[in-house]
Amino acid sequence: MGKKTLFDLIDQNEKVLKDMARTIWENPEGAFNEKKASGLQRDYLAKQGFNIIDVPDVETAFIAETGQGKPVIGILGEYDALPGMSQKVSSVKEAYDNSGYGHGCGHNLLGTGGVGAVAALKELMETEHIKGTLRYYGCPAEETLSGKVVMARKGVFDDLDACISWHPASMNVVWGCSFLAVNSMKFAFKGIPAHAAAAPQAGRSALDAVELMNVGANYLREHVIEKARIHYVITNGGMAPNIVPDNAEVWYYVRAPRRADVREITERLKKIAQGAAMMTETTMEYELVAGCYDVIASKTLGELMHNNMVEVGPPKFTKEDYEFGSKLSALTTKDEKKKVMSTYFAPDHVLDKVLCDEIIEIDDSDLIMAGSVDAGDVSYIVPFAQITAATWPVGTAAHTWIATASSGSGIGMNAMMFAAKTMAGTVYDLFKDTTKVDAAKAEFEKRLGGFKYISPFDE
Ligand SMILES: [Zn+2]
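Residues numbered from 1 in each chain as written. Predicted model: local features only at pLDDT ≥ 70, side-chain atom pairs only at ≥ 80, totals over all residues. Heavy atoms only, no water.

Undergrad: Sorry, what's going on with the nonpolar core here?
TA: Grouped burial of nonpolar side chains is what soluble globular proteins tend to show. In terms of nonpolar packing, the biggest core is built from 58 residues, with Leu6, Leu45, Tyr136, Trp166, Ile387 and Val427 touching the most fellow members. Per element, the largest residue contribution to this core is 13 residues, and it comes from helix α13 (residues 410-432). Among all residues touching Ile387, those that are not within four sequence positions of it are Ser165, Trp166, His167, Val173, Val174, Trp175, Met305, Met309, Phe418, Ala419 and Thr422. (Core = buried A, V, L, I, M, F, W, Y, C linked by side-chain atoms within 4.5 Å. Buried < 20%, exposed > 50% of the residue type's maximum accessible area, 1.4 Å probe, protein only. Helix = DSSP H or I, 4+ residues; strand = E, 2+ residues; numbered from the N terminus. Contact = heavy atoms within 4.5 Å.)

Quick look at the structure:
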């Protein structure tokens, strides 16, 4: 009984879980189109006796629930793939198929690890008569920073008491750091078309507006906080030089360590866009494509996850895993690896390893990883923590063909088993000792300081 049984149950399910992760890897689907992946997980969990709850208007999202009463604990899963990432399980760059998509972020493992954890927990909850509600959240579209934000807006996380997840990377460590809050937005300008040589005076150029907006935004850079990031691409700049463009569009990302900073910079950027429209006598339409919060990483839950990682022990990599890992590892120089690992705040000695075969402990609680995750929104609604597991050889950058190859290999699969056990063990601890849930909630309330989550779409 207890955790040993829990970990055994996950091991007994190894083939099912690895097959599921492999099937999702072989059928990569982009954001909000994860029909096969979500269907596979949904059907499996329904068969295990979970109650399946749909998320209105989000076809590829679902919640699988079991048990009853408090506490309510959730595990977040993802399954979307990335465009341009198709790759065989090989150390030579070669597309797996012509789908154009591939699991360069390992989300085939991410969701499946969660499925493995909740399936085992359900069995144990029944035999040990454990009180509480367990949920698996099938979350689409992480790569476009949208799935969990859309789900959060529908209130599906509101009654949770604690929530955990994991993410593929190349170390076994708790992510105690935050991530950058972000707004992804489009500014579309409309002008008046005209012959650029014969009647330029009749035209009002939407492209001029885009260019003037970008000039304004580039001046804005000097007057925002140092850690803010502003990036853009022109998605429509007109059709031909001899036609005054009547339509033009620019797509911006604004990132900053705190949501409030993103909000403030966004408002200033909107003024710049309005100014550009005024200067060019065009009209401007603003669209918030996606937005998410920074991350509050629960220290209480993080500590519990760390203890569980230690209890589980590092991923069980095989001889083949090391052989394949060495081949992949040889494709990256030590310098490149160092750059990647510094973004994860990795200790130096990890760089000497092909695969991370230990549990790493770092205090990154004051640090911010220079990316954005939609789990940030969840972390502002409920105490949240996540770990990473060594899914790829040390120094592998996410969103690369090497990451796709490793995510479909034994390395990824064995890292997933480790993550599933760690998450299951953590949830088990929370159910068995609800004072830990109370502690996580107390920490959360203190850090929020009375702030109530508002969706980026409702700000
Ligand atoms: Zn990812």
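Undergrad: Explain the side chain of Asp429 here, please?
TA: Structurally, the position occupied by Asp429 is in helix α13. Given the relative accessible area of 16%, Asp429 is considered buried. Contacts of Asp429, omitting those with residues within four sequence positions, involve Lys3, Leu304 and Asn308.

Undergrad: Please clarify how the layout of surface pockets should be interpreted in this entry.
TA: Sizing a probe to match a water molecule and rolling it over the atoms shows the empty space that remains. As a volume, the largest pocket reaches approximately 670 Å³. The wall of the largest pocket is formed by 30 residues, among which Cys105, Gly371, Ser372, Ala398 and His399 lie closest to the centre. Among the secondary structure elements, those contributing two or more residues to the lining of the largest pocket are β4 (82-83), β7 (162-169), β12 (247-256) and α10 (334-343). (1 Å grid on protein atoms, 1.4 Å probe; cavity = no way out; pocket = protein on both sides within 12 Å on 5 of 7 lines; lining within 4 Å. Points joined across faces, edges and corners; volume = space filled by probe spheres on them.)

Undergrad: Hey, could you run me through empty space enclosed by the protein in this one?
TA: This structure, assessed with the given rule, holds 2 cavities of 30 Å³ or more. In this model, the largest cavity occupies a volume close to 70 Å³. Considering the residues around the largest cavity, the lining is formed by 13 residues, among which Glu78, His167, Val373, Ala375 and Gln386 are closest to the centre. Put simply, the parts of the chain that give the lining of the largest cavity at least two residues each are β3 (72-78), β7 and β15 (384-390).

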